[in-house]
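Overview (structure and organization)
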Amino acid sequence: MAGHPGGPRAPTDFSRAPFLAIWETTRSCALACAHCRASAILGRDPRELTTAEGKDVLDQAAGMGTPIFILSGGDPLNRPDLEGLVRHGKARGLRMGTIPAATDNIAPERIRGLKDAGLDQVAFSLDAPTAPVHDDMRGIPGSFDKTLRAVDIAHQAGLPVQINTCLAARNFEHLEGMVRLVKKLDIVFWEVFFLVPIGRGAALQSISAEQFEAAFERLHRLNSEAEFVIKLTEAPHYRRYVIEKEQAAEGDSAKRIQCVLARERGIKGAIGLSPQAVNAGKGFLFIDHLGDICPSGFLPIPAGNVRKDKLADVYRNSPLFRDLRDAKKLKGKCGCCEFAEVCSGSRARAYAVTGDYLAEEPFCAYVPKIQTPKA
């Protein structure tokens, strides 16, 4: 999300606060998505954070300097207090977003209520450009049509719309079709998630390192074609790709990197882009439905819990978070890569595939110029 109430704000110091915090408000969801990181369930867990505890989390996030906060799920619309949480976060100066599931919960009056509460942006998930492929990924017939209807409802309410897409081997061939679809939907933001094999997603196959490069090429071209922002999640090596492609930039590599990323981030008024590389525990923080504080939802290693620990203390001082912000601790080819500081590879995917969150990115085609990898 660009900007901040009261005008521009200084860049977030990632050693002190995350640029983006996400709270999994509930794990309850009527869908059965093949790639769900959390293996969501139908009913609400009675141990979920209460409204008061949720408001305290919002207070803490604002207090530590986090600009953007996302209320996720499961399906956050299964929480009757969602509007109140949005209103509270806005009162604390946070930019607020949410990610409802494509179910009958998405009614015009509910979406208008979220808009009236101050919601800045709403995201819906589309994994393919046709109903059969999307519905197969989501596990529920009719999900595709409900998502398109949800987009229309949000437009009618005057809410900026984001589309989220999970890219895996199962739907990679439909990437170009998705490009054509999202161009038609009048969105402000397209977030393309690259599969991390955890939760139900462990049963899916990731795309190959070469397919990552092909996706990078297409999405990089799209950045100059589309009016909306394109963000790649769990694909930090996209920054290396962009830097390599922008050969015309002048100066040394550090200046070239800053020049390229300044052009690439073209905010266009939407939530979620940072001028710095965001990775698990490095500009990013996740609170699960039970209050566990993790580096991301795709790296579900608790470093504390909001019922006994403070967000700022865990983010700033826990060994796990500090490790994730130290590129010198990376192993394998990530440990000797000249792009380590601006990339670092997906720490979540490294953990999911190898069990070591400091291991090298499993699906990166780049070969570092100096090959002295760490153990």
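Predicted, not measured: the structure shown is a model, and the values here were computed from it.

How each quantity is defined
- Just so you know, the residues in each chain are numbered from 1, in the order the chain's sequence is written.
- Only residues with pLDDT of 70 or above have their local features reported here, since the model is predicted, and side-chain atom pairs are shown and tallied only from 80 upward, although totals for entire chains, interfaces and linings are computed over all residues.
- Excluded from the side-chain calculation are hydrogens and water; included are all heavy atoms of the structure.
- A 1.4 Å probe rolled over the protein chains alone gives each residue an accessible area, and that area as a share of the maximum for its type sets the label: buried under 20%, exposed over 50%, partly exposed in between.
- The helix count covers DSSP runs of H or I at least four residues long, the strand count covers runs of E at least two residues long, and both are numbered beginning at the N terminus.
- A pair of strands is labelled paired if DSSP reports no fewer than 2 bridges between them.
- Here the term right-handed applies to a crossover when the path leading from its first strand over the helix to its second strand runs clockwise, the strands being oriented away from the viewer.
- Interaxial angles span 0 to 180 degrees and are taken between N-to-C directions of axes, which are lines fitted to C-alpha atoms, for helices over the stretch in contact.
- Working rule for angles: under 35 degrees goes down as roughly parallel, over 145 as roughly antiparallel, 65 to 115 as roughly perpendicular, anything else as oblique.
- In this scheme the handedness of a crossing depends on how the near helix is turned from the far one: anticlockwise by less than a right angle means left-handed, clockwise means right-handed.
- Whether two residues are in contact is decided by their heavy atoms: any pair within 4.5 Å suffices.
- By the convention adopted, Pro, Cys, Tyr, Trp, Phe, Met, Ile, Leu, Val and Ala count as nonpolar, Lys, Arg, Asp and Glu as charged, and the other residues, Gly among them, as polar.
- Side-chain atoms within 4.5 Å link the members of a nonpolar core, which is a set of buried Ala, Val, Leu, Ile, Met, Phe, Trp, Tyr and Cys residues.

1. A look at the pairing of strand β2 (residues 68–72)
- When you tally the buried positions in β2, you get five out of five residues, the bulk of the element.
- Where strand β1 (residues 20–24) and β2 come together, five bridges link them in parallel fashion. The partner of Trp23 across the bridge, within β2, is Leu71.
- Pairing between β2 and strand β3 (residues 95–98): four bridges, direction parallel. From the neighbouring strand, Ile70 faces β3, where its bridge partner is Gly97.
- Remark: the β2/helix α2 (residues 82–91)/β3 crossover connection has right-handed handedness.

2. Examining the packing of helix α3 (residues 108–117) against helix α5 (residues 143–157)
- It is at 9 Å that the axes of α3 and α5 come closest, and there the two elements cross at 45 degrees. As summarised for this structure, α3 and α5 are arranged oblique, according to the angle between their axes. Note on packing geometry: the crossing formed by α3 with α5 is right-handed. Two secondary-structure elements touch here, α3 through Pro108, Ile111, Arg112 and Lys115 and α5 through Arg149, Ile153, Ala154 and Ala157.
- For the contact of α3 with α5, the residue count by class is five nonpolar, no polar and three charged.

3. Regarding the nonpolar core
- Judged by nonpolar contacts, the single largest core of 78 residues is most densely connected at Phe69, Phe124, Ile163, Trp190, Phe194 and Leu311.
- In terms of residues, this core owes the most to one element, α5, which gives six residues.
- Dropping the residues within four chain positions of it, Phe69 is found in contact with Ala21, Trp23, Val57, Leu58, Ala61, Leu94, Arg95, Met96 and Gly97.

Honestly, that's just the spatial picture; any functional story needs more than this.
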